[in-house]
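Summary of structural features
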Amino acid sequence: MSLPDTPDQVQLRERYPQVFNRPMSARLATPLVLLLALAVFVFGLVDLEFSPSRILAGLSQLGWIARLMLPPDPGASLPTYLKALGETLSIAVLGTTLAACVAFPVSLLAARNVIPSAIFRFPVRRLFDTIRGVDTLIWALVWINVVGLGPFAGVLAIAVSDFGALGKLFSEAMESADRKQVEGVRAAGGNALHEIRFGLLPQVLPVIAGQVLYFIESNTRSATIIGIVGAGGIGLQLAEQIRVLEWQKVSFLILMILVAVAAIDWISNKLRFAIIGRRAVA
């Protein structure tokens with residue numbers, strides 16, 4: 001048996017009828033969406049031929065491969081693998097740096113507080129969307145057919161892919177900047193270029209630097225993947241060893257990649273906190 005409403009509750013019901021007297025359609029919206037999501041999930045499992053028995057069989061196969069990987073052993077190929085790892089790091093750093101250098105000036109044209117007119121911003125934003133909509137691996141396949149196999153194709157693939165992503169992030173960082181500093185430069189008699197140089201850029205450069213450092217770390221993994229399709233680096237060596245079933249060498253290459261990514265993460269973390277002027281926490 002429900003208790004009668006108090007005067008305060010009556011007043012709340014009168015003031016907010018849309019909260020206490022929600023229509024049936026609004027009440028059913030959430031469970032219907034959840035039911036639809038569940039139906040799509042189940043359909044995906046059936047359509048992709050999901051099978052627990054196949055997973056169990058695959059786990060036994062994975063265990064057999066893991067036993068073959070021990071102990072990791074590069075054999076006589078350690079100098080080749082170290083050179084390939086250096087190639088992968090070079091691809092990541094050069095590709096990201098090239099993308100950032102090109103994306104930064106273009107991102108100014110996509111920022112609302114720099115270019116107020118949507119007529120000029122719209123094509124630049126759609127350019128960023130179009131380029132970042134294509135995965136790095138696809139760009140690698142394209143550039144391999146354009147310039148041939150090797151790390152040069154990998155650098156171009158990462159540079160083009162990151163141009164779209166960094167351009168979008170840079171423009172959003174500029175749009176979120178505080179307007180007070182820009183207005184202060186304007187009040188002091190500065191022109192539009194002075195507003196960007198002394199009011200906007202000092203705020204966004206630490207954010208942009210942090211984003212570039214993160215992309216270098218992420219692109220170390222991406223450079224490994226695109227190396228598998230022929231864009232050079234340690235990924236090419238990894239694909240060749242998997243193809244000939246040299247599992248001990250495969251495990252050694254994987255360990256090299258993990259150590260390299262961990263080292264880059266540590267270095268980028270130190271640099272990122274140095275840029276923003278705070279001590280990094282281990």
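Located above this text is the structure these notes cover.
Residues numbered from 1 in each chain as written. Predicted model: local features only at pLDDT ≥ 70, side-chain atom pairs only at ≥ 80, totals over all residues. Heavy atoms only, no water.

1. A few points about the packing of aromatic side chains
Per the counting criterion, the structure on display carries 3 aromatic pairs. On the basis of an interplanar angle of 70 degrees and a centroid distance of 6.4 Å, the ring pair of phenylalanine 104 and phenylalanine 170 is categorised as edge-to-face. Linking phenylalanine 104 in helix H5 (residues 78-108) with phenylalanine 170 in helix H8 (residues 151-175), this pair joins segments that are 66 residues apart in sequence. The class of phenylalanine 104 is partly exposed, set by a relative accessible area of 22%. Looking at phenylalanine 170, the relative accessible area reads 0%, which means it is buried. Residues tyrosine 214 and phenylalanine 215 carry aromatic rings whose centres are separated by 6.0 Å and whose planes lie at 85 degrees to one another, so their mutual orientation is edge-to-face. Given the relative accessible area of 14%, phenylalanine 215 is considered buried. (Phe/Tyr/Trp six-rings, centres within 6.5 Å; stacked < 30°, edge-to-face > 60°. Helix = DSSP H or I, 4+ residues; strand = E, 2+ residues; numbered from the N terminus. Buried < 20%, exposed > 50% of the residue type's maximum accessible area, 1.4 Å probe, protein only.)

2. Concerning unusual backbone geometry
Of note, the bond from leucine 70 into proline 71 is cis; its omega dihedral lies within 30 degrees of zero at -10 degrees. Along the chain, the position of proline 71 falls in the loop between helix H4 (52-69) and H5. The phi dihedral of leucine 245 is positive, around 60 degrees, even though this residue is not glycine. If you trace the backbone, leucine 245 turns up in the loop between helix H11 (234-243) and helix H12 (247-276).

3. Thoughts on the packing of H5 against helix H10 (residues 192-231)
For the pair H5 and H10, the least separation of the axes is 7 Å and the interaxial angle reads 140 degrees. Here H5 runs over H10; the crossing is right-handed. Residues that form the contact of H5 with H10 fall into these classes: 17 nonpolar, 5 polar and no charged. (Axes fitted to C-alpha atoms, helices over the stretch in contact; angles between N-to-C directions. Left-handed = near helix turned anticlockwise from the far one by under 90°. Nonpolar A, V, L, I, M, F, W, Y, C, P; charged D, E, K, R; others polar.)

4. Some words on the nonpolar core
The biggest cluster of nonpolar side chains holds 37 residues, and the ones touching the most others in it are Leu166, Phe170, Met174, Leu200 and Val204. Elements with a contribution of two residues or more to this core: H5, helix H6 (118-132), helix H7 (136-147), H8 and H10. Valine 204 has contacts with Ala173, Met174 and Ala177, leaving out every residue within four places of it along the chain. Leu238, Trp247, Val250 and Val261 belong to the second largest nonpolar core, which has 15 residues in total. (Core = buried A, V, L, I, M, F, W, Y, C linked by side-chain atoms within 4.5 Å. Contact = heavy atoms within 4.5 Å.)

5. Let's talk about the pattern of salt bridges
In total, this model carries 4 salt bridges according to the counting rule given. Measuring nitrogen to oxygen at the nearest pair gives 2.6 Å for the salt bridge that ties arginine 126 to aspartate 129. Of this pair, arginine 126 and aspartate 129 are both found in helix H6, 3 residues apart, which corresponds to roughly one turn of the helix. On the accessibility criterion, aspartate 129 (28% relative accessible area) is partly exposed. A salt bridge links aspartate 129 to arginine 132; its shortest N-O distance comes to 2.5 Å. Taken as a pair, aspartate 129 and arginine 132 lie in helix H6 at a separation of 3 residues, close to a single helical turn. Salt bridges sharing common partners tie together Arg126, Asp129 and Arg132. (Salt bridge = Lys/Arg side-chain N within 4 Å of Asp/Glu carboxyl O.)

6. A closer look at the environment of leucine 258
Mapped onto the elements of the fold, leucine 258 is located in helix H12. Accessibility expressed as a relative area gives 51% for leucine 258, which makes it exposed. Between the C-alpha atoms of leucine 258 and arginine 221, which are 37 residues apart in sequence, the distance is 9.2 Å.

Keep in mind these values describe shape, not function.
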